[in-house]
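One-letter residues, chain by chain:
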Amino acid sequence: MIAAVRGTHDILPGQVERWQYVERIARSLCDRYGYVEVRTPVIEREELFSKGTGETTDIVQKEMYSFTDKGGERITLRPEATPSMVRAFVEHSLEHALPAAKLYSMGPMFRYERPQKGRYRQFHQLDVEVFGLQDPAVDAEVIDLAWSLIESLGIPQAELVINSVGCANCRPQFQEALLKALGDDLPKLCADCQRRAQTNPLRIYDCKVPADQPIIDRLPHSVDYLCESCATHFAGVKAHLDTWEIPWKVSHRLVRGLDYYTRTTFEVLGQTLGAQNALLGGGRYDGLVKSLGGPDRTGIGFAAGMERLVLALPEGRGEESAPKVFVVAVGDDGRQEALKILRELRRAGLSAHMELEARSMKSQMKRADRVSARAAVIVGGDELSRGELTLRDMRAGEQTAIPRANVVHAVSAVLK
Ligand code: AMP
């Protein structure tokens with residue numbers, strides 16, 4: 001047997017219904033909030049991510065699935081959606097083509113990470129992006145969509161954390177203050193932090209090494225170094241969240257792992273997931289579109305991990321399926337007529353099933369039970385020659401004779 005690749009998984013019946021439910025809710029919410037779907041390829045040029053996600057990130061340095069294709073081109077299986085969405089926005093001038101550049105996408109992402117519960121090498125994200133709008137109300141609306149997703153799915157005890165990491169004007173002062181505060185403690189931090197201090201000091205806040213934490217806890221906070229316009233913007237975001245009664249907490253450690261974030265960052269954390277507790281995360285990235293060769297347009301968005309949403313979904317959610325009718329054939333004549341009725345019921349929009357290999361009536365009835373059919377239509381014998389069928393209500397255990405011509409109507413009434 002050839003097993004699935006480490007860190008990848010099949011989504012099988014029993015689980016797939018929960019996935020479909022999450023996807024359905026996500027699509028319907030995006031639609032209600034005015035977002036339109038974009039589907040981008042799974043493969044992109046490697047440089048889209050080295051430039052977009054950022055050379056100094058763990059994703060680009062350690063986690064990408066990249067290869068040279070037969071034409072000699074460097075190709076990457078996308079590790080995240082934002083650079084692809086920016087590329088599509090720029091490549092197709094979507095700001096002119098669409099009434100509003102509010103986009104969403106859903107699909108698989110690939111990162112060479114150490115697999116564990118809630119962390120995989122192929123995983124799926126819902127990705128939401130808005131281009132060209134900078135009012136704090138936009139940040140708040142994106143956060144509202146994220147929060148509404150969690151609420152609509154019924155995920156309990158989720159927590160929204162927000163922060164502002166400033167902009168190109170004020171971030172240098174904060175970085176300087178950070179490095180100054182670290183001072184002589186820098187050599188005591190882990191090797192990753194030493195590297196981060198050189199490349200992107202804010203990311204020291206991402207460190208999970210226990211021995212580093214007392215030092216990191218003493219470092220300054222980005223919100224104390226915001227320039228006036230960033231401070232006003234952040235206050236605006238918080239005020240809008242309050243207007244909509246969305247509960248938030250500031251976490252000064254929320255700098256997020258990617259290089260492109262500016263101003264607002266946010267995450268929703270779940271309580272039931274263990275170590276991998278981030279259900280979704282995102283923020284503003286005002287310089288990214290331009291740095292990828294597009295016009296100078298702001299951007300904000302988030303990505304939600306579908307695996308984690310499915311894991312956090314309460315038991316029983318999304319598991320209800322449409323009630324089924326089972327068509328039971330008696331004898332050869334019955335079988336011909338049963339096949340016709342099967343198709344008629346399906347055409348009428350009902351979930352209709354039948355044993356296609358000829359079996360005894362007893363084993364057909366067993367099968368009807370096995371698929372939890374709500375109704376069975378028994379076709380054949382004397383009744384059929386009288387133009388009638390038997391309709392069995394499987395829950396009530398009652399049988400009635402119905403006219404053949406009336407089958408769709410009579411079955412629908414039982415399935416209700
Ligand atoms: P990121 O793109 O790293 O900001 O991640 C956004 C969301 O995607 C996270 O909050 C997780 O829910 C999910 N996610 C990220 N990496 C993985 C992974 N390796 N496996 C499963 N879900 C992930």
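See the structure above.
Notes on the structure follow. Predicted model, so just to flag it, every value in this text is computed and none were measured.

Reading guide: rules and limits
Residues numbered from 1 in each chain as written. Predicted model: local features only at pLDDT ≥ 70, side-chain atom pairs only at ≥ 80, totals over all residues. Heavy atoms only, no water. Helix = DSSP H or I, 4+ residues; strand = E, 2+ residues; numbered from the N terminus. Buried < 20%, exposed > 50% of the residue type's maximum accessible area, 1.4 Å probe, protein only. Lys, Arg positive; Asp, Glu negative; His and termini not counted. Salt bridge = Lys/Arg side-chain N within 4 Å of Asp/Glu carboxyl O. Polar contact = N/O pair within 3.5 Å; in protein donor to acceptor, adjacent residues only side chain to side chain. Pairing = 2+ DSSP bridges. Axes fitted to C-alpha atoms, helices over the stretch in contact; angles between N-to-C directions. Contact = heavy atoms within 4.5 Å.

1. Re the side chain of Glu80
Thinking step 1. Turning to its location among the elements, Glu80 is positioned in the loop between β4 (74-77) and α4 (82-91).
Thinking step 2. The buried charged residue Glu80 lacks any salt bridge, with Arg111 as its nearest oppositely charged partner at 5.3 Å.
Thinking step 3. Here Thr53 takes part through its side chain, which lies 2.7 Å from a polar atom of the side chain of Glu80.

2. Brief notes about the sheet that holds strand β3 (residues 65-68)
Thinking step 1. The sheet built from three strands is open, its strands ordered β2-β4-β3 with antiparallel pairing. The strands lining the two open edges of the sheet, one partner per strand, are β2 (43-45) and β3. Within the sheet, the average angular offset between the axes of one strand and its neighbour, ignoring direction, is 35°.
Thinking step 2. As defined by bridge partners, β2 adjoins β4 across three bridges and the pair is classed as antiparallel. Bridge pairing links Glu44 to Thr76 in β4.

3. Describing the side chain of Arg18
Thinking step 1. Structurally, the position occupied by Arg18 is in helix α1 (residues 16-32).
Thinking step 2. Within the structure, Arg18 has its side chain in polar contact with the backbone oxygen of Pro314 (distance 3.3 Å).
Thinking step 3. Residues within four places of Arg18 in sequence aside, it is in contact with Val310, Leu311, Leu313, Pro314, Glu315, Gly316, Arg317, Gly318 and Glu319.

4. Considering the pairing of strand β10 (residues 278-284)
Thinking step 1. Burial analysis of β10 places six of its seven residues in the buried class, which makes it a mostly covered element.
Thinking step 2. Two elements, strand β9 (residues 262-269) and β10, share six bridges in a ladder whose sense is antiparallel. For Thr262, the partnering residue across the bridge sits in β10 and is Arg284.
Thinking step 3. Of the strand pairs in this sheet, β10 and strand β11 (residues 299-305) are connected by five bridges, and their pairing is antiparallel.

5. With respect to the environment of Ile150
Thinking step 1. If you trace the backbone, Ile150 turns up in helix α6 (residues 136-152).
Thinking step 2. Since its relative accessible area comes to 2%, Ile150 is described here as buried.
Thinking step 3. In this structure the C-alpha to C-alpha distance between Ile150 and Ala26, which are 124 residues apart in sequence, comes to 9.6 Å.
Thinking step 4. Ignoring any residue separated from it by four or fewer positions in sequence, one finds Ile150 in contact with Ile155, Ala158, Val268, Leu279, Leu280 and Leu309.

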